[in-house]
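Below are the chains, spelled out letter by letter.
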Amino acid sequence: MSLFKWCSNGMHMMLFGDVLAIYSSSEKGNCCCVSMHVVYGQKGALNMVIVAAFIAMRSKVIFILLMLLITVSGTNSDGTLSKQRILEVERKLKHLRKHSLKTIQSEDGDIIDCVNIKKQPAFDHPALKDHKIQMAPSYNSAKKDPIERTRSKTKSAMMKQKDDESYATVTSQIWQKSGSCPKGTIPVRRIRKRELLKAHSINEYGRKKPSFLNRQKAIVFATGFRYLGGKGDIRVFSPSVEKDDEYSTAQVSLLNGSYNDYECIESGWAVNPSVYGDRKTRLFVYWTADGSHETGCFDLTCPGFIQTSNEIALGAAIYPIPVPGGLPYQITIYIYKDLITNNWWVQYGENTNIGYWPPEIFRAICYNAESVEWGGEVYSTTVGHTPHTKTQMGNGQFSRGDSASILRMRVHDNYPSLKIPEWVQYYSDEYNCYDVYYQSDYLEDPEFYYGGPGSNLMCP
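Residues numbered from 1 in each chain as written. Predicted model: local features only at pLDDT ≥ 70, side-chain atom pairs only at ≥ 80, totals over all residues. Heavy atoms only, no water.

1. Structural notes on the packing of aromatic side chains
Selection criterion: Between the rings of Phe, Tyr and Trp (Trp by its six-membered ring), a pair exists once the centres lie within 6.5 Å; its type follows the angle of the planes, with under 30 degrees stacked, over 60 edge-to-face, and the other angles tilted. Each helix is a run of DSSP H or I of at least 4 residues and each strand a run of E of at least 2, with the numbering of both proceeding from the N terminus. Remark: exposure states derive from per-residue accessible area (1.4 Å probe, protein chains only) relative to the maximum for the residue type, with buried under 20%, exposed over 50%, and partly exposed in between. For a lysine, the NZ atom is tested; for an arginine, the CZ atom; a charge sits over a ring if that atom is within 6 Å of the ring centre and within 35 degrees of the ring normal.
As enumerated under the stated definition, the model contains 13 aromatic pairs in all. Summarising the aromatic geometry, the rings of Phe221 and Tyr427 are spaced 6.1 Å apart at their centres and angled 80° between planes, so their arrangement reads as edge-to-face. Note that Phe221 is positioned in strand E12 (residues 215-227) and Tyr427 in strand E25 (residues 424-428), a separation of 206 residues in sequence. For Tyr427, a relative accessible area of 31% corresponds to the partly exposed category. Taking 6.2 Å as the distance between ring centres and 75° as the angle between the ring planes, the aromatic pair formed by Tyr247 and Phe298 counts as edge-to-face. With a gap of 51 residues between them, Tyr247 in strand E14 (residues 247-257) and Phe298 in strand E17 (residues 297-298) connect regions that are remote in the sequence. Judged on exposure class, the residue Tyr247 and its partner Phe298 are both buried. Taking the ring centre of Tyr286 as reference, the NZ or CZ of Lys208 above it sits at 4.8 Å. In this arrangement the basic side chain of Lys231 is found over the ring face of Tyr334, its NZ or CZ atom lying 5.8 Å from the centre.

Dropping the structure here:
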């Protein structure tokens, strides 16, 4: 900690922790005082208070106070958490839990709070103060999938049974074995104090870093239409995540806007230690209205997503998880727009509507999305560098064969029902680390494979 000051007699300064108090007791000539208080905390974080321009002219003291307070870390100079930061976190957690009507202790260590649906975190958003909850979508275009209807008519019972046994669709979560939330409430996974304390700030907890430089994707995407929905069957895995500040996800995403200021809504599975505190595979939703600069978060960690289901907890562990040589599991995600209310709904499986993003929190995607993406994403500060992160994407294997996959990809555009996407492109940011394979020739339904181990001989 260091304090720099220059001042004539009559100007007094007192320092209380990170607070700098300045006052005058006498007037003696002209003086100019500039004071800077700098604290170097954990990892070089900087707390700065600048007070400038005190001008005294003869017998009258005229001063202009310009104060800029920048707080980027709640740590003391020795790297320990400040008392103020701890109290701030405790107030936040108390606020989140005050509307809990029932608590469920899950066998995997999670605590699920059954929160009054009208008191859920979404309504802390200033744009949603007077929002009326839509309990069910007005229309679901997934019910009109001509491809599935045709397939069910032409496929023999034996072939259909073989397909049904090849992948088991998962809709259950571990916490459900310990209880259920009553109607009129929603299950909210309780945020742990230690995760919130590790975050850069309370407001940034649960939000992705805005820079694309540290995120690597391996995706297939559809463009060329006004998209009102996207769907896919995502195989579930438990990839290895090397560091606590890294993550690996697989999702269906809808996007709108420019590279640095895009709007995005997405859902899938994630292994994200910084948000969830462990390396379990968990169901997630994510949104942002500005490229994750100041808005957006995973699940219900910030106001925005409105949940209606009392059966599914966002951020809860998916169950069961496949084991090597065992039956493969998948989750079905469908994100679609309600054409009457303009709400963007998330459907889990074929029948469970989890909730929606209301149009009030967006600018352009409230009308339509410009593209739909399917695939994986890895975040690490060491992607694109040597040594590269060892965090895996998918199941850690390169595409094809037994790698991660997304099947039954569908879009809803101007056509009245779901259809196989047209104008598809695919790419990977680092082909030697994570790659993609899109197969559509001679197939009734295109298949997309992706993934990789991260660091390897071709990706040192």
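2. A look at empty space enclosed by the protein
Gaps between atoms show up when a probe of the same size as a water molecule is rolled over them. Selection criterion: Both cavities and pockets are sets of points on a 1 Å grid over the protein atoms alone; in a cavity a 1.4 Å probe fits but cannot get out, in a pocket the set is open with protein on both sides within 12 Å along at least five of seven lines, and lining residues sit with an atom within 4 Å of a point. Grid points are joined across faces, edges and corners, and a volume is the space filled by probe spheres set on the points. All amino acids are sorted into three groups, where Ala, Val, Leu, Ile, Met, Phe, Trp, Tyr, Cys and Pro are nonpolar, Asp, Glu, Lys and Arg are charged, and the leftover types, Gly among them, are polar.
Enumeration according to the criterion identifies 3 cavities of 30 Å³ or more in this entry. In this structure, the largest cavity spans a volume of roughly 210 Å³. As for the largest cavity, its lining consists of 18 residues, and the residues nearest its centre are Val188, Arg189, Arg190, Ile191 and Leu300. Breaking the lining of the largest cavity down by element, the ones donating at least two residues are helix H1 (83-97), strand E8 (111-116) and strand E11 (185-189). Class assignment of the residues belonging to the lining of the largest cavity gives a composition of 11 nonpolar, 2 polar and 5 charged.

3. A short note on the state of the cysteines
Put simply, the rule reads: Pairs of cysteine sulfur atoms within 2.5 Å are identified as disulfides in what follows.
All told, the structure shown has 3 disulfides when counted by the stated rule. Across a sulfur-sulfur distance of 1.9 Å, Cys433 and Cys459 are joined as a disulfide pair. Residues Cys433 and Cys459 are joined through a disulfide that is right-handed, its torsion about the S-S bond being 85°. Note that Cys433 is positioned in the loop between E25 and strand E26 (435-439) and Cys459 in the segment after strand E27 (447-451), a separation of 26 residues in sequence. Each member of the pair, Cys433 as well as Cys459, is classed as buried. In the protein, numbering the disulfide-bonded cysteines from first to last in sequence yields the connectivity 1-2, 3-4, 5-6.

4. Section: the sheet that holds strand E15 (residues 262-271)
Here is the rule we go by: Whether two strands pair depends on DSSP finding at least two bridges between them.
With respect to topology, 7 strands assemble into an open sheet ordered E17-E16-E15-E14-E23-E12-E25, the strand pairing being antiparallel. Looking at the sheet topology across the chains shown, the edges are occupied by E17 and E25. Alignment of E14 against E15, held across 10 bridges, turns out to be antiparallel. Along E15, the bridge assignment pairs Leu255 with Cys264.

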